[in-house]
Amino acid sequence: MTNPKAATACGWDQATQRCGRCGTEHTVTTENDYLKAVGLHRDAHAVWDRLNRMERDALVWVLRTILSAPDLAVEVLALADRQQPTGDAPW
């Protein structure tokens, strides 16, 4: 992982974050973007690690469906807000 503090002192124009767990690389142009990328990727691993295989498959399906249609995401959230609690939610 590149050290953004040292790079800033030298006038860096970009930094690359490489994950040792999955090999993903993120290249960014500011220190704030670097810190955000590192934090988001760490959080993504934390969420992924908590899920079993079936939950991972379901989450990926939902994210691909929703992220490919932002209007659908808005409508699903509106629908969820209008639903009455049934008492059977797992949370």
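Residues numbered from 1 in each chain as written. Predicted model: local features only at pLDDT ≥ 70, side-chain atom pairs only at ≥ 80, totals over all residues. Heavy atoms only, no water.

## Re the state of the cysteines
Okay, so step 1: Evaluated as defined, the whole model comprises zero disulfides.
Okay, so step 2: Of all cysteine sulfurs in the structure, the one in Cys 22 sits closest to Cys 19, which takes part in no disulfide; the separation is 3.7 Å. (Disulfide = S-S within 2.5 Å.)

## A word on the side chain of His 45
Okay, so step 1: Within the secondary structure, His 45 sits in helix α2 (residues 31-50).
Okay, so step 2: Sequence-distant contacts of His 45, defined by excluding residues within four places in its chain, comprise Cys 19, Arg 21 and Cys 22. (Helix = DSSP H or I, 4+ residues; strand = E, 2+ residues; numbered from the N terminus. Contact = heavy atoms within 4.5 Å.)

## So, the packing of α2 against helix α3 (residues 53-67)
Okay, so step 1: Between α2 and α3, the least distance of the axes is 8 Å, while the angle of their chain directions is 130°. Looking at the two axes, α2 sits oblique to α3. On α3, the residues touching Val 47, Trp 48, Asp 49 and Arg 50 of α2 are Glu 55, Arg 56, Leu 59 and Val 60.
Okay, so step 2: Looking at the contact of α2 with α3, its residues break down into four nonpolar, no polar and four charged. (Axes fitted to C-alpha atoms, helices over the stretch in contact; angles between N-to-C directions. Parallel < 35°, antiparallel > 145°, perpendicular 65-115°, else oblique. Nonpolar A, V, L, I, M, F, W, Y, C, P; charged D, E, K, R; others polar.)

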